[in-house]
Amino acid sequence: MRALILLWMCLLPGLLHAADTGDVRVKDIARIAGVRDNPLTGYGLVFGLSGSGDSPRNRATLQSVANTLRNFGVNVELGDLASRNVAAVLVTAKLPAFAEPGQQLDVQVASSGDARSLVGGTLMLVPLHGPDGKVYAIAQGAISVGGYQFEAITASVQKNHPTVGWIPAGASVEQRSPLGVVGDGNSLSILLNEPDFTLAQRLTQAVRAALPDAQATAEHAGKVTVGFAGQRTDLVTRIAQIENIRIARERRSRVVVNERTGTIVAGGDIRIGQVSITHGDLRVEVNTRYSVSQPDGLLIRPGSDVRTVLVPESRIDVQEGVAPVVAVAEGTSVAELVSALRTIKLTTRDVIAVLQSIKAAGALDGELLIQ
């Protein structure tokens, strides 16, 4: 315990300094042009399912099974296949930048038919193609499913999605990644994750200060081009130097609202102008009661139109209370506004409606993002 306390005391000044400056590394807010993942897709079959595979209605699955068996010298007709131990699946993976042959990739498998579960299945050899149609990896292996489904005659139980699974390190790269650093060897481009003119200008100045022999130019809000004069340079060393440059990041003033879950997330520096908020308390209740209308007399001639009917009786009650008023001073933060709205018993969804109205009134200094 004493060692942990001493370690914390040693790290605390550095952490406080980083928190005060607000500096971030370039590699945390930007990427080098051309350095990105590449999507891979494939189609295959999962064998070994315990009766939870595709039904005989899926002729594509039956045709795929027949084609697979022919590769092993077994000729069968589609009408001879009736097993539910096989499922047709789509296989996806991501090929990282600079991937070399032999590198292992994680693979995701998803059912494309009416299979109930992929639990216990094994994916047969599947070629994975890139957007250009070339094969870059091959996948095969036992599927790990984070769920299950069990069925009986009159009951069933299911957890998560048993028709989607993973194969850790289930693919092997057969061809290197086609993409790399964009440039002629003496230049490169830095792409900001969130384009911003201020941040692009700061990045340009920071690169010029850290690399005096480099020529940095901000092409636009999301791209900075860096050129190196002279002979062909070592781009790996240059990129490593650029990625570790620290610059001051100016965060966007943004309030994120999720209407489905009632979540509100706002930065602490977002301020609200002077505004007065009134929230009406109107409640309308509609009650419907059904009464039975019985015809007079005890004997009713068969076939007549005289019968017992249900007569609805509706009553509407309207209750409107005194609308509370909340006055917000200039410079109030969103957190203080939400706290004030809570004092008048507003729900989270009511607070969201108020924030939308404040933004429409022009009193919210920031972007309101509704999900």
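Structural notes, computed from the coordinates. (Residues numbered from 1 in each chain as written. Predicted model: local features only at pLDDT ≥ 70, side-chain atom pairs only at ≥ 80, totals over all residues. Heavy atoms only, no water.)

1. Concerning the overall build of the chain
Helix and strand counts for the chain stand at seven helices and 23 strands. Per-residue burial over the chain gives 31% buried out of 371 residues. Sequence separation of at least 24 residues holds for 71% of the intrachain contacts in the chain that already meet a minimum separation of 6. By element, 54% of the accessible surface of the chain is carried by carbon and sulfur atoms, the whole surface being about 23000 Å². (Helix = DSSP H or I, 4+ residues; strand = E, 2+ residues; numbered from the N terminus. Buried < 20%, exposed > 50% of the residue type's maximum accessible area, 1.4 Å probe, protein only. Contact = heavy atoms within 4.5 Å. Areas by Shrake-Rupley, 256 points an atom, 1.4 Å probe, with all protein chains shown as cover.)

2. Examining the sheet that holds strand β7 (residues 135-142)
The strand order around the closed barrel formed by six strands is β3-β4-β5-β10-β7-β6, and the pairing between neighbours is antiparallel. For this sheet the average axis-to-axis angle between neighbouring strands, irrespective of direction, equals 30°. Summarising the sheet, strand β4 (residues 87-95) and strand β5 (residues 104-111) pair through four bridges and their orientation is antiparallel. Its bridge partner lying in β5, L90 is registered against A110. (Pairing = 2+ DSSP bridges. Axes fitted to C-alpha atoms, helices over the stretch in contact; angles between N-to-C directions.)

3. Regarding helix α6 (residues 334-343)
Along α6, the residues that are buried comprise V334, L337 and L341. Angularly, the buried residues of α6 cover 55° about the axis, an arc narrow enough to put them on a single face. Residues of α6 that are exposed and point over 90 degrees away from its buried face: A335 and T343. Remark: K345 follows α6 within two positions and exhibits a positive phi of approximately 65°. (Arc of directions from axis to C-beta.)

4. Topic: the pairing of strand β11 (residues 187-192)
As judged from the three bridges shared by strand β2 (residues 30-32) and β11, these two strands associate in the antiparallel manner. If you follow R31 over to β11, its bridge partner there is L191. Here β11 pairs with strand β13 (residues 223-228) via five bridges, running antiparallel. Bridge pairing links L191 to K223 in β13.

5. Here we look at the nonpolar core
Ranked by internal contacts, the top residues of the largest apolar core, which has 25 residues, are V91, V107, V109, L123 and L128. Put simply, the parts of the chain that give this core at least two residues each are β3 (38-47), β4, β5, β6 (122-129), β7 and β10 (164-173). Ignoring anything within four residues of it in the chain, the contact list for V91 reads L40, T41, G42, V107, Q108, L123, V126, L128 and A139. L192, A214, I242 and I245 belong to the second-largest nonpolar core, a separate cluster that totals 24 residues. (Core = buried A, V, L, I, M, F, W, Y, C linked by side-chain atoms within 4.5 Å.)

6. Quick look at the sheet that holds β13
Spatially, the four strands line up as an open sheet ordered β2-β11-β13-β12, and their pairing is antiparallel. Each edge of the sheet is formed by a strand with only one pairing partner; in this case those strands are β2 and β12 (214-220). Each neighbouring strand pair of the sheet contributes to a mean axis angle of 25°, computed without reference to strand direction. Helix α4 (residues 197-210) contacts β11, β12 and β13 of the sheet and is inclined by roughly 175° relative to β12.

7. Things to note about a nonpolar patch on the surface
Together, F72, V74 and M124 make up a nonpolar patch on the protein surface, roughly 290 Å² of accessible area in all. Relative to the assigned elements, V74 resides in the loop between α3 (59-71) and β4. (Patch = residues over 30% accessible without salt bridge, like charges linked within 9 Å, V, L, I, M, F, W, Y side chains within 5 Å. Salt bridge = Lys/Arg side-chain N within 4 Å of Asp/Glu carboxyl O.)

8. Focus: the environment of S253
Take S253: it is sitting in the loop between β14 (246-248) and β15 (254-258). Its relative accessible area of 31% is what places S253 among the partly exposed residues. Separated by 111 residues in sequence, S253 and L364 place their C-alpha atoms 9.8 Å apart. Among all residues touching S253, those that are not within four sequence positions of it are I270, D365, G366 and E367.

9. Some details on the pattern of salt bridges
The tally for this structure, following the rule as stated, stands at four salt bridges. Among the salt bridges present, the one from R57 reaches D114, with a minimum N-O distance of 3.1 Å. One end of the pair, R57, is in the loop between β3 and α3; the other, D114, is in the loop between β5 and β6, and 57 residues separate them in sequence. Accessibility expressed as a relative area gives 69% for R57, which makes it exposed. Its salt-bridge partner being R176, residue E100 comes within 3.7 Å of it at the nearest N-O pair. Taken together, the residues E100 in the loop between β4 and β5 and R176 in the loop between β10 and β11 connect sequence positions 76 residues apart.

10. A look at the packing of α6 against helix α7 (residues 348-360)
Two elements in contact, α6 and α7, have axes separated by 11 Å at closest approach and are oriented at 130°. In terms of axis orientation, α6 runs oblique to α7. Two packed elements cross with a definite hand, and for α6 against α7 that hand is right-handed. Across the interface between the two elements, L337, V338, L341 and R342 from α6 touch T348, V351, V354, L355 and I358 from α7. (Parallel < 35°, antiparallel > 145°, perpendicular 65-115°, else oblique. Left-handed = near helix turned anticlockwise from the far one by under 90°.)

11. A look at α4
The end-to-end C-alpha separation of α4 is 20 Å, in line with the 20 Å expected for 14 residues at 1.5 Å each. The set of residues buried in α4 consists of L199, A200, L203, T204, A206 and V207. Taken end-on, α4 shows its buried residues confined to a sector of 170°, consistent with a single buried face. In α4, those exposed residues whose orientation departs by more than 90 degrees from the buried face are F197 and A209. (Expected span 1.5 Å × (residues − 1).)

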